[in-house]
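Results of the structural survey
These are the residues of each chain, in order.
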Amino acid sequence: MTSLLTKKDLEVRFGLADTTVYRTLQACGLSTSKKTYTPEEIEIRFVPARKLFDAGHTTEQVKEYFRLKQVTYDYQETNCRAIQHHH
């Protein structure tokens, strides 16, 4: 059983204020209304978002980064499915 993380867990783990956790979740495209997050979501989205913020990027820049990343994922997914259907 994978342990899910709450916003409070994220505050403690990353040493952040609750408002910073909230802003980071929003910026990396994770729903702020969720009660818990999977370790994968945190690893793939939250951690990179924190690194971008720590490097001095704005919320808008971080959002854009994840928007572009998502487009790439969707494109790869679509291509994989298309290729699999041909076999």
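Overview of the structure. What you see is a predicted model, and the numbers here were worked out from it, not measured in a lab. (Residues numbered from 1 in each chain as written. Predicted model: local features only at pLDDT ≥ 70, side-chain atom pairs only at ≥ 80, totals over all residues. Heavy atoms only, no water.)

Looking only at helices and strands, the chain has 4 helices and 2 strands in total. Starting at the N terminus and walking to the C terminus, you meet the elements of the chain as β-α-α-β-α-α. Within the span of the chain, comprising 87 residues, buried residues form 26% of the whole. Accessible surface computed for the chain: about 6,100 Å², of which carbon and sulfur atoms make up 56%. (Helix = DSSP H or I, 4+ residues; strand = E, 2+ residues; numbered from the N terminus. Buried < 20%, exposed > 50% of the residue type's maximum accessible area, 1.4 Å probe, protein only. Areas by Shrake-Rupley, 256 points an atom, 1.4 Å probe, with all protein chains shown as cover.)

Another point: the packing of helix H1 (residues 7-14) against helix H2 (residues 18-27). In contact at an axis separation of 9 Å, H1 and H2 are set at 105° when each is read in the N-to-C sense. Considered as vectors, H1 and H2 are oriented roughly perpendicular to each other. Across from Lys7, Leu10 and Glu11 in H1, the residues of H2 making contact are Asp18, Val21 and Leu25. The residue makeup of the contact of H1 with H2, split by class, is 3 nonpolar, no polar and 3 charged. (Axes fitted to C-alpha atoms, helices over the stretch in contact; angles between N-to-C directions. Parallel < 35°, antiparallel > 145°, perpendicular 65-115°, else oblique. Contact = heavy atoms within 4.5 Å. Nonpolar A, V, L, I, M, F, W, Y, C, P; charged D, E, K, R; others polar.)

What follows deals with the pattern of salt bridges. This model, assessed by the stated rule, comprises 5 salt bridges. Taking the shortest distance from any N to any O, the salt bridge between Lys34 and Glu41 comes out at 2.6 Å. One salt bridge connects Asp54 with Arg50, and the closest N-O pair in it is separated by 3.4 Å. Of the two residues, Asp54 and Arg50 both sit in helix H3 (residues 39-54), 4 residues apart, roughly one turn of that helix. Asp54 sits in the exposed class, given a relative accessible area of 60%. Taking relative accessible area as the criterion, Arg50 reaches 9% and is therefore assigned buried. Through salt bridges that share partners, Glu60, Glu64 and Arg67 make up one connected network. (Salt bridge = Lys/Arg side-chain N within 4 Å of Asp/Glu carboxyl O.)

A separate point is the environment of Leu25. Here Leu25 lies in helix H2. Residue Leu25 is classed as buried on the basis of its relative accessible area of 0%. Sequence-wise, Leu25 and Arg45 are 20 residues apart; in three dimensions their C-alpha atoms are separated by 8.3 Å. When near neighbours in sequence (up to four residues on either side) are disregarded, Leu25 contacts Lys7, Leu10, Leu30, Thr32, Tyr37 and Phe46.

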